[in-house]
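Inside the fold
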Amino acid sequence: MTYGEGLLKTRAAKDEADDDYVPSPRRIERERFKRARARRATAVAALSTLVTAVVLYLVITGSPGWPRTRETFFSAEYARKALPKVLEGLLLNLRLLVVCGAAVLVLGLLLAVARTLRGPVFFPLRALATAYTDFFRGLPLIICLLMVVFGVPALRLQGVTTDPVLLGGWALVLTYSAYVAEVFRAGIESVHPSQRAAARSLGLSGGQTLRFVVLPQAVRRVVPPLLNDLVSLQKDTGLVSIAGAVDAVYAAQIIAGKDFNFTPYVVAGLVFVALTIPMTRCTDWVTARMDRRRAQGGLV
């Protein structure tokens, strides 16, 4: 009998044994108990959620100012009137998210690489990158927007745009690239030094080691926090409305200013929430997937 025939017979015998397997009464009882406990936990969670929702509804609708609040913030008439304008302005927010998100990732990666360069010759570059990240991480975004949107046109520089959309996008890139740079730097520094040593021992230069060994591992490790930053950027694109750009927030502000009803703000907020929730769930899914791969040893 050859080795292959023996292996096939062994596998056939194992499959036959698996087919004949009958779980013990104790195992059946354990599985039944687990299913019953899961059903009980689901029922308790559903009941507690329902009770909480009913209590909140009764408290809110039973308050003395609820009729006036419902008319001012939750008017169906003003919601139907505001929704088309808000959705039209939302296109600007989406364009800002795509363009600014790409610029933030590129600039943040360059800053992170600059901060991790080794050798005394790169000290000025490291110092500039550090000063940049420290300054813009400490500067509130709203102040950065005001300084860029109103300060740059005041300089009257030739060839520099005064478009509030572009200036607002620059402010978003300046602020968020500082945060993303720290995320990338954490990923780069999390790569074990032995990876660099192994790459250099194979003849790779410092730049090749960074490009082909360090950065691929670093980027994979920081994907979840990067997605979280993009979720925050998606919300903060609404701040460009302070410069006069007609986005979803400013469109809601125009309608609310005409009719003195704040329902358009609620509509704009719900639109942003509807965009944010899928991105958040995607972030959770990516995080869980990477955790499973790391637990199985499939992620370096």
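Residues numbered from 1 in each chain as written. Predicted model: local features only at pLDDT ≥ 70, side-chain atom pairs only at ≥ 80, totals over all residues. Heavy atoms only, no water.

1. Quick notes on the overall build of the chain
The secondary structure content of the chain amounts to 12 helices and zero strands. For the chain, the succession of helices and strands along the chain, N to C, is α-α-α-α-α-α-α-α-α-α-α-α. Relative to a compact globule of 300 residues, whose C-alpha radius of gyration would be 19 Å, the chain shows 28 Å and is clearly more extended. For the chain, the spread of C-alpha atoms along the three principal axes comes to 90 × 70 × 30 Å. A total of 300 residues make up the chain; the buried ones form 31% of that total. Pairs at least 24 apart in sequence give 74% of the contacts found in the chain among residues at least 6 apart. In the structure as shown, the chain presents an accessible area of about 19000 Å², 66% of it carried by carbon and sulfur atoms. For the chain, the distance from the average site of its 36 positive side-chain charges to the average site of its 21 negative ones is 4 Å. (Helix = DSSP H or I, 4+ residues; strand = E, 2+ residues; numbered from the N terminus. Rg over C-alpha atoms; globule rule 2.2 N^0.38 Å. Buried < 20%, exposed > 50% of the residue type's maximum accessible area, 1.4 Å probe, protein only. Contact = heavy atoms within 4.5 Å. Areas by Shrake-Rupley, 256 points an atom, 1.4 Å probe, with all protein chains shown as cover. Lys, Arg positive; Asp, Glu negative; His and termini not counted. Charge placed at Lys NZ, Arg CZ, Asp CG, Glu CD.)

2. Overview of helix H9 (residues 206-221)
Along its 16 residues, H9 runs 21 Å from first to last C-alpha, staying within 8% of the 22 Å computed at 1.5 Å per residue. Val214 marks the point of greatest bend in H9, at about 45°, and the proline Pro216 comes within the next four residues. Taken residue by residue, H9 has Thr209, Leu210, Val213, Val214, Leu215, Gln217 and Ala218 as its buried positions. Buried residues belonging to H9 abut helix H4 (76-116), helix H7 (164-190) and helix H8 (193-201). (Expected span 1.5 Å × (residues − 1). Bend = angle between axes of the 7 residues up to and from the residue.)

3. Examining the packing of aromatic side chains
A full pass over the atoms with the stated rule returns six aromatic pairs. With a centroid separation of 6.0 Å and an interplanar angle of 40°, the aromatic rings of Trp66 and Phe74 are classed as tilted. With 5.5 Å between their ring centres and 20° between their planes, Phe73 and Phe262 make a pair best called stacked. Here Phe73, found in helix H3 (residues 66-73), pairs with Phe262, found in the loop between helix H11 (248-259) and helix H12 (263-295); they are 189 residues apart in sequence, far enough to count as distant. Among the residues examined, Phe262 registers a relative accessible area of 38% and is labelled partly exposed. Taken together, the ring pairs connect Phe73, Phe262 and Tyr265 into an aromatic cluster. (Phe/Tyr/Trp six-rings, centres within 6.5 Å; stacked < 30°, edge-to-face > 60°.)

4. Some thoughts on the side chain of Thr72
Relative to the assigned elements, Thr72 resides in helix H3. Take Thr72: its relative accessible area is 13%, and that puts it in the buried class. Discounting chain neighbours no more than four positions away, the residues touching Thr72 are Asn261, Phe262 and Thr263.

5. Some remarks on a positive patch on the surface
Residues Arg26, Arg27, Arg30, Lys34, Arg37 and Arg40 make up a contiguous surface patch of positive charge. Position of Arg27 among the secondary structure elements: in helix H2 (residues 25-61). (Patch = residues over 30% accessible without salt bridge, like charges linked within 9 Å, V, L, I, M, F, W, Y side chains within 5 Å. Salt bridge = Lys/Arg side-chain N within 4 Å of Asp/Glu carboxyl O.)

6. A closer look at the side chain of Glu182
Relative to the helices and strands, Glu182 resides in helix H7. A relative accessible area of 16% places Glu182 in the buried class. Among the polar contacts made by the side chain of Glu182, one reaches the side chain of Arg115 at a distance of 2.6 Å. Excluding residues that lie within four positions of it along the chain, Glu182 makes contacts with Arg115, Thr133 and Arg137. (Polar contact = N/O pair within 3.5 Å; in protein donor to acceptor, adjacent residues only side chain to side chain.)

7. Comments concerning unusual backbone geometry
The phi angle at Arg156 is positive, at roughly 55°, despite the residue not being glycine. A positive phi angle is found at Phe260, which is not glycine, with a value near 55°. Among the residues examined, Phe260 registers a relative accessible area of 70% and is labelled exposed.

8. Some details on the environment of Ser205
Looking at the secondary structure, you find Ser205 in the loop between H8 and H9. According to the relative accessible area criterion, Ser205 is partly exposed, its value standing at 33%. Here the alpha-carbon distance between Ser205 and Val152, two residues 53 residues apart in the chain, equals 42 Å.

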